[in-house]
Amino acid sequence: MILVNTFPSWHRPYLALYEQQLASYFPDIVQLYQKGSRGEQLANAAQVWRLPYWDWALYPTMPDEWSSSEIKIYGPDGNITSFHNPFAAYKFPHPNLFDGPSATSRDTRANENLTANSRQFKPWVHELFNTPPPQNDPWGQISNSAWENVDMDQGHLSSFESIHDHIHDFVGGTMRDITVAAFDPIFWLHHCNVDRIFALWCAAFPDIYVPTEKTSEGINDKMTFNERHL
Amino acid sequence: MKGIYNLRDASLEPFSKSQSDYITSGDCYSTSTYGYTYPEIAAAGPVSGRQLSDAILQTVDRLYGPSTTIGERSEDVPMESLAGSMQAASLKPVEKEPGDWHIPEFHLFGEHKNPHPGPPSAPPRPSGVQAIENVPPHNPGPVPSGSQGSAIPPHRDYKVTPETYRKWIANITLEKYALGGSGRIAFFLGPENEIPADPKEWYTSPLYVGSFSVFAHHNPTDSGCSNCKDQAERHLRVGGTVHLTDTLISHQIPLQGDEPIEYLSKNLHWRAANFKDENIPTESIPSLKVVVQSAGFNLPPGGVRPVTGPWTRHALVTRGKPGGVNHANEF
């Protein structure tokens, strides 16, 4: 679902589905915590919880809580307890079935990578809003990183997709491999921020979205029209 | 034309909304489809259309605009005051506090003194249930500490004001699969012989500016991903931008006039690496194209918010470099 003008919209139901799946575990967990001192707090939180986003433009480095092997949580009785950190990595349930690692991993220098590149993040995001896209297929320009016979001098070439690609690169490891990136829990926080930028952009430019009609203006003849993809 | 061109009612398989129908882009345009919003949109209040747009644009300026990345400031300056001072600029350049983006006196060999002591303004923490709490404040990234033999003299009174601000960017395009999968084109500012040979050392080099990253399958033809195969066979190109402005500022190079052009021409270089962090010689990437451009801010008539433009190409900066455009009119 990349290099297509539906990159942002396709990922939106994907995120919603993941969020829905996570939330489906909440009733049992709330039940488990019911009698402890944090029971009510947790029950209330479960009512309003939504998938969090990682605003890497404001906060380019990942906190320790995302990678430490153990974290401190409130246990069912309401007391603080140590728990293995599911956010650090995802362990594949049946690693023997395929030829690969038993768990997801990130580049050992992920935070250094992010810091070294962090100077780019704010300008990338800001430029999406400050330089309106050209008249020629504006949604195509902003949505995905393909470039075909388009004026390189029209301004910046960043798109929701190209900016998003960098975070995959800098976090590295599983996130750098397109076939398995979504197994790293951080994928979901990253894509939630991509969805947020998409939502903010649509609010800022309400007249521009995936086109409703085929037009011949600016269409590269070599491109195929796909009305169904994948 | 960009990317595969789908219409708004095209199915977003495999996500379905009923037994018989898939979700379309039109269906999920609004986040209210799934019952959510984001803090910045909620904070704008019960507005829509132009009012919502203005509110979001102002918020984005405040969170991510140039005023948040330049030097140390004792107070945020919103883009509106950039507009105000552009109107005053026709009289004479006015030095104002705190609207003046004064860069602290800066020595590239490590020490610097800040004549305006005070905590750097931290970005506002996002509020709302979607926010991540307890994350460390934004670190704008390492300032190059310079290196021996580097011919960059520190300027004593280097300043960037709204009137002298100009954005500098490098635009990059190449074939998506030219790097054999994921990879990057990395940019450096400084003497070429100081660029580390090992891509693993690029990010920590004081010369490092930023990269254009490619996110691609390393085996497009045999992977079973028909999109990937199709894109590879069509030699699909991808593109992006590396921002040079903040690095020019940290090198204390004026953003207007000939000096940035000469400086970039001498000192801007780039290299390529693949997903295994192996160097790829740029000669083996014939599809690579790099263009450097700059633009100032313009206040549209009747507008309150400056926008970027028009863009000027600087072929001198890229001439003779791998994939660099040589002339003003070259594609």
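Numbers given to residues run from 1 along each chain, matching the order in which its sequence is written. Chain letters and ligand numbers both follow the written order, the letters beginning at A and the numbers at 1. Reporting in this predicted model follows two pLDDT cut-offs: at least 70 for local features of residues, and 80 or more for side-chain atom pairs to be given and counted; totals over whole chains, interfaces and linings ignore these cut-offs and use all residues. To obtain the side-chain values, all non-hydrogen atoms of the structure were included, while hydrogens and water were left out.

Overview of the overall build of chain A
A run of H or I in DSSP counts as a helix once it spans at least four residues, and a run of E counts as a strand once it spans at least two, with each numbered from the N terminus. A tally of helices and strands in chain A yields seven helices and two strands. Along chain A, helices (α) and strands (β) appear in the sequence α-α-α-β-β-α-α-α-α when read from the amino end. Dimensions along the principal axes, computed over C-alpha positions, put chain A at roughly 65 × 40 × 35 Å. Throughout, a contact is declared for two residues whenever any of their heavy atoms are within 4.5 Å. At a minimum sequence separation of 6, the contacts of chain A that also span at least 24 residues come to 63%. A total of about 10,000 Å² of accessible surface is found on chain A, and carbon and sulfur atoms cover 54% of it. Counted as positive: Lys and Arg. Counted as negative: Asp and Glu. His and the chain ends are not counted at all. Every charge is mapped onto a representative atom, which is NZ of Lys, CZ of Arg, CG of Asp or CD of Glu. Averaging the locations of the 15 positively and 27 negatively charged side chains of chain A gives two centres separated by 7 Å. A 1.4 Å probe and the Shrake-Rupley method give the accessible areas. Residues count as covered only by the protein chains that appear here.

Here's the deal with the packing of aromatic side chains
All names here are of chain A. A pair of aromatic rings is counted whenever rings of Phe, Tyr or Trp (Trp by its six-membered ring) have centres within 6.5 Å, and the orientation is called stacked for planes under 30 degrees apart, edge-to-face for over 60 and tilted otherwise. Applying the stated rule across the entire model yields 32 aromatic pairs over all chains. Taking 5.6 Å as the distance between ring centres and 55 degrees as the angle between the ring planes, the aromatic pair formed by Trp66 and Phe87 counts as tilted. With Trp66 in the loop between α3 (39-48) and β1 (70-74) and Phe87 in the loop between β2 (80-84) and α4 (110-130), this residue pair connects regions lying 21 residues apart in the sequence. Only protein chains enter the accessibility calculation, which uses a 1.4 Å probe; a residue whose area is less than 20% of its type maximum is buried, one above 50% is exposed, and one in between is partly exposed. Here Trp66 falls in the buried class, since its relative accessible area comes to 8%. Seen from their ring centres, Trp139 and Tyr209 are 5.0 Å apart, and the 70 degrees between their planes marks the pair as edge-to-face. One end of the pair, Trp139, is in helix α5 (residues 138-143); the other, Tyr209, is in the segment after α7 (186-204), with 70 residues separating them in the sequence.

Concerning the packing of α4(A) against helix α2 (residues 49-64) of chain B
Axis lines are fitted to C-alpha atoms, over the contacting stretch for helices. Their N-to-C directions set the angle, which ranges from 0 to 180 degrees. Between α4(A) and α2(B), the least distance of the axes is 9 Å, while the angle of their chain directions is 160 degrees. Of the possible angle classes, the one that applies to α4(A) and α2(B) is roughly antiparallel. The two elements α4(A) and α2(B) meet at a crossing, and its hand is left-handed. Here α4(A) contributes Lys122(A), Val125(A), His126(A) and Phe129(A) to the contact with α2(B), which in turn contributes Ile56(B), Leu57(B), Val60(B), Asp61(B), Leu63(B) and Tyr64(B). Classes in brief: Ala, Val, Leu, Ile, Met, Phe, Trp, Tyr, Cys and Pro nonpolar; Asp, Glu, Lys and Arg charged; the others, Gly included, polar. Its residues placed into classes, the contact of α4(A) with α2(B) shows seven nonpolar, one polar and two charged. For classification purposes, angles smaller than 35 degrees are called roughly parallel, those larger than 145 roughly antiparallel, those between 65 and 115 roughly perpendicular, and all remaining angles oblique. Crossing handedness is defined as follows: a turn of the near helix away from the far one that is anticlockwise and smaller than a right angle gives a left-handed crossing, while the clockwise case is right-handed.

Concerning the sheet that holds strand β6 (residues 183-189) of chain B
Two strands pair under a simple rule: DSSP has to find at least two bridges between them. The antiparallel open sheet is built from four strands, whose spatial order is β7-β6-β9-β10 (chain B). For this open sheet the edge positions go to β7 (208-214) and β10 (279-280) of chain B, each flanked by a neighbour on one side alone. Where β6(B) lies against β7(B), six bridges are found, and the strand directions are antiparallel. In the strand pairing of β7(B), Ile185(B) is matched with Phe212(B). Packing of helix α6 (residues 160-171) of chain A onto the sheet brings it into contact with β6 and β7 of chain B, and relative to β7(B) it is tilted by some 105 degrees. Docked against the sheet, helix α6 (residues 259-267) of chain B engages β6 and β9 (268-274) of chain B, running at close to 40 degrees with respect to β9(B).

A look at the interface of chain B and chain A
Accessible area lost upon the coming together of the parts serves often as the stated size of an interface. The interface is formed by 109 residues belonging to chain B together with 105 residues belonging to chain A. Interface of chain B and chain A: buried area, both sides summed, is about 9,800 Å²; carbon and sulfur atoms make up 57% of it. By salt bridge we mean one thing: a side-chain nitrogen of Lys or Arg within 4 Å of a carboxyl oxygen of Asp or Glu. Counting the contacts that link chain B with chain A gives four salt bridges. Polar contacts, as used here, are pairs of N or O atoms within 3.5 Å; protein pairs need one atom able to donate a hydrogen and one able to accept it. Residues neighboring in sequence count only if both atoms are side-chain atoms. In this structure, the connection of chain B to chain A is made through 39 residue pairs in polar contact (both at pLDDT 80 or more). Per-element tally for the side of chain B that touches chain A: the top contributor is α2(B), with eight residues. Once two parts are put together, the accessible area they lose, assessed with a 1.4 Å probe and summed over both, is termed the buried area.

Let's talk about unusual backbone geometry
All names here are of chain B. Cis geometry is found at the peptide bond from Glu13 to Pro14, where omega equals 5 degrees. Its place among the elements puts Pro14 in strand β1 (residues 11-16). Although it is not a glycine, Gln252 adopts a positive phi angle of roughly 60 degrees. With respect to the secondary-structure elements, Gln252 resides in the loop between α5 (245-250) and α6. The class of Gln252 is buried, set by a relative accessible area of 2%. One non-glycine residue, Asp277, lies in the positive phi region at around 60 degrees. Relative to the assigned elements, Asp277 resides in the loop between β9 and β10. Here Asp277 falls in the buried class, since its relative accessible area comes to 12%.

Focus: the pattern of salt bridges
Counting across every chain of the model gives 15 salt bridges over all chains. The residue Asp184(A) makes a salt bridge to Arg106(A) at a minimum N-O spacing of 2.8 Å. With Asp184(A) in the loop between α6 and α7 and Arg106(A) in the loop between β2 and α4, this residue pair connects regions lying 78 residues apart in the sequence. Judged by its relative accessible area of 1%, Asp184(A) is buried. Close ionic contact of Lys167(B) with Glu127(A) constitutes a salt bridge, the shortest N to O distance being 2.5 Å.

Description of the confidence of the model for chain B
A residue's pLDDT is the confidence the predictor assigns to it, expressed on a 0 to 100 scale. For chain B, mean pLDDT is 74; residues scoring 70 or higher make up 69% of the total. A low-confidence stretch, residues 71-152 of chain B (pLDDT under 50), is modelled with 156 contacts involving residues beyond four sequence positions or located in other chains.

So, the sheet that holds strand β11 (residues 289-298) of chain B
All names here are of chain B. Here four strands make up an open sheet; going across it, the order is β8-β5-β11-β12 and the pairing antiparallel. One side of each edge strand has no neighbouring strand; the edge strands of this open sheet are β8 (237-243) and β12 (307-313). Taking the axes of each pair of neighbouring strands and ignoring which way they run, one obtains an average angle of 30 degrees across the sheet. The pairing of β11 with β12 spans five bridges and is classified as antiparallel. Opposite Ser294, over in β12, you have Thr312 as the bridge partner.

Considerations on the pairing of strand β5 (residues 167-175) of chain B
All names here are of chain B. For β5, the tally of buried residues reaches eight of nine residues, placing the bulk of the element in the interior. With seven bridges connecting them, β5 and β11 associate as antiparallel partners. Each residue of the ladder has a partner; that of Ile172, found in β11, is Val290.

Remarks on the nonpolar core
The biggest cluster of nonpolar side chains holds 65 residues, and the ones touching the most others in it are Trp54(A), Trp56(A), Phe129(A), Trp139(A), Phe160(A), Trp201(A) and Ile56(B). At the level of secondary structure, the elements contributing two or more residues to this core comprise α1 (7-23), α4, α5, α6 and α7 of chain A together with α2 and β6 of chain B. Among the elements that make up this core, the one with the highest residue count is α7(A) (14 residues). Apart from the residues lying within four places of it in its own chain, the contact partners of Trp56(A) are Phe121(A), Val125(A), Ile163(A), Ile167(A), His190(A), Asn193(A), Val194(A) and Ile197(A). The term nonpolar core refers to a set of buried residues drawn from Ala, Val, Leu, Ile, Met, Phe, Trp, Tyr and Cys, joined through side-chain atoms within 4.5 Å. Counting residues in each nonpolar core, the second largest holds 41 residues, with Val160(B), Val209(B), Val214(B) and Leu255(B) among its members.

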